[in-house]
2 protein chains.
Amino acid sequence: MNHSQNTDGNAPVQGCETTKLSSKLRDAGLRPTKQRLSLAHLLYSQGNRHVSAEALHEEALGAKVDVSLATVYNTLHQFTDAGLLRAVAVESSKTYFDTNTTDHHHFFIENENRVVDVPASQIHVSDLPEAPEGMEIARVDVIVRLRKKD
Amino acid sequence: MNHSQNTDGNAPVQGCETTKLSSKLRDAGLRPTKQRLSLAHLLYSQGNRHVSAEALHEEALGAKVDVSLATVYNTLHQFTDAGLLRAVAVESSKTYFDTNTTDHHHFFIENENRVVDVPASQIHVSDLPEAPEGMEIARVDVIVRLRKKD
DNA sequence: ATTTGTGCAAATCGTTTGCATCTGA
DNA sequence: TCAGATGCAAACGATTTGCACAAAT
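Treat the numbers as computed from the prediction; the structure is a model and nothing was measured. (Residues numbered from 1 in each chain as written. Chains lettered and ligands numbered in written order. Predicted model: local features only at pLDDT ≥ 70, side-chain atom pairs only at ≥ 80, totals over all residues. Heavy atoms only, no water.)

### Some words on the protein's contact with DNA strand D
The environment of DNA strand D is formed by 21 residues, the closest being Y73(A), H77(A), R31(B), T33(B) and T71(B). The contact atoms of DNA strand D, taken as those within 4 Å of the protein, divide so that sugar and phosphate hold 80%. Residue S93(A) places a main-chain N or O atom 3.2 Å away from a sugar or linking oxygen belonging to DNA strand D. Note that a phosphate oxygen of DNA strand D is positioned 3.3 Å from one of the side-chain N or O atoms of K94(A). If you list the elements that add at least two residues to the surface near DNA strand D, you get α4 (69-81) of chain A together with α2 (34-44) and α4 (69-81) of chain B. Here the surface near DNA strand D gets five residues from one element, more than from any other, and that element is α4(A). Looking at the surface near DNA strand D residue by residue, the class counts come to six nonpolar, eight polar and seven charged. (Near = heavy atom within 4 Å. Polar contact = N/O pair within 3.5 Å; in protein donor to acceptor, adjacent residues only side chain to side chain. Helix = DSSP H or I, 4+ residues; strand = E, 2+ residues; numbered from the N terminus. Nonpolar A, V, L, I, M, F, W, Y, C, P; charged D, E, K, R; others polar.)

In structure tokens, the structure reads:
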């Protein structure tokens, strides 16, 4: 970490990156508020991630970014609706948000409750059935469930 | 519906079928209690189904089968653990239980929140990546998400 | 100034659990 | 008999919502 200090009690975001993130949010039709910028920074400055709302909230607090859990939820959904995140449904209990919105699939490690990307190039799905009349395929999700051997 | 009336206030289950269901439960290591038999009957006497706990509970009440929601949940999980049902994770909020435990995949109709089977023969997944060291592939789920065209 | 976002706490939803009671083998 | 099931209500965890306040354009 190489952030300069500031005085508002929130984690600073570096100037250049702030600009980029601001545009990203603005392009998505979202006002670049302090909280959204901070969360975006946490989400997008360390490669592809799969986070739950709770995890991101804790991470934010740890990074001295003062946001409420409700705002984290709101923000994650706003980002998802804007196409900046993708919600991954692996098990019905917790929602995971994936910063990788390109075409790809997932490993789900059952004992650890962890999601890992699998590049689309590494799985081929063929012979997809037709979508019924009046419907179209929105997306095909492949989840490879892994468990510890024996 | 073609059930004969009885007096205990619960939906009757026909004799022959009861015997089959009893064995099915017994074979799975579950005592064939009245509630489990009734729920099994609802689940398995009308082809492959995808039900939520709540839906099954309402269906049971409608059929004059007097079970509590808690028991429905317990039963669904016991059946799942016993391999009589399969839990389908399509969206993190509700769990769907599938009476089809053979190898197959799913359509998920987004606006209707409905799950439909796709025979395994109709989708081919190839070039699966290796499972990491010490892990094995427990299952591969393919979910084809459908939405209404425009 | 006006609109949009935020924080908080309370509400909601699906699900699980503790415990007293009942039931099937 | 008696382990195992059930029902109920209360507990629970994840998520959403209502509303007063604060920040962004």
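### Examining the packing of aromatic side chains
Considering all chains together, one arrives at zero aromatic pairs over all chains under this definition. Positioned above the aromatic ring of Y44(B), the side-chain terminus of K24(B) is 3.7 Å from the ring centre. (Phe/Tyr/Trp six-rings, centres within 6.5 Å; stacked < 30°, edge-to-face > 60°. Lys NZ or Arg CZ within 6 Å of the ring centre and 35° of its normal.)

### Points about the environment of Q78(A)
Here Q78(A) shows up in helix α4. Residue Q78(A) is classed as partly exposed on the basis of its relative accessible area of 28%. (Buried < 20%, exposed > 50% of the residue type's maximum accessible area, 1.4 Å probe, protein only.)

### Here's the deal with the sheet that holds strand β2 (residues 86-88) of chain A
Residue and element names in this part refer to chain A. The antiparallel open sheet is built from three strands, whose spatial order is β1-β3-β2. At either margin of the open sheet sits one strand with a lone partner, and together these are β1 (50-51) and β2. Across two bridges, the pairing between β1 and strand β3 (residues 96-98) is antiparallel. For V51, the partnering residue across the bridge sits in β3 and is F97. (Pairing = 2+ DSSP bridges.)

Purely geometric stuff here, so don't read any function into it on its own.
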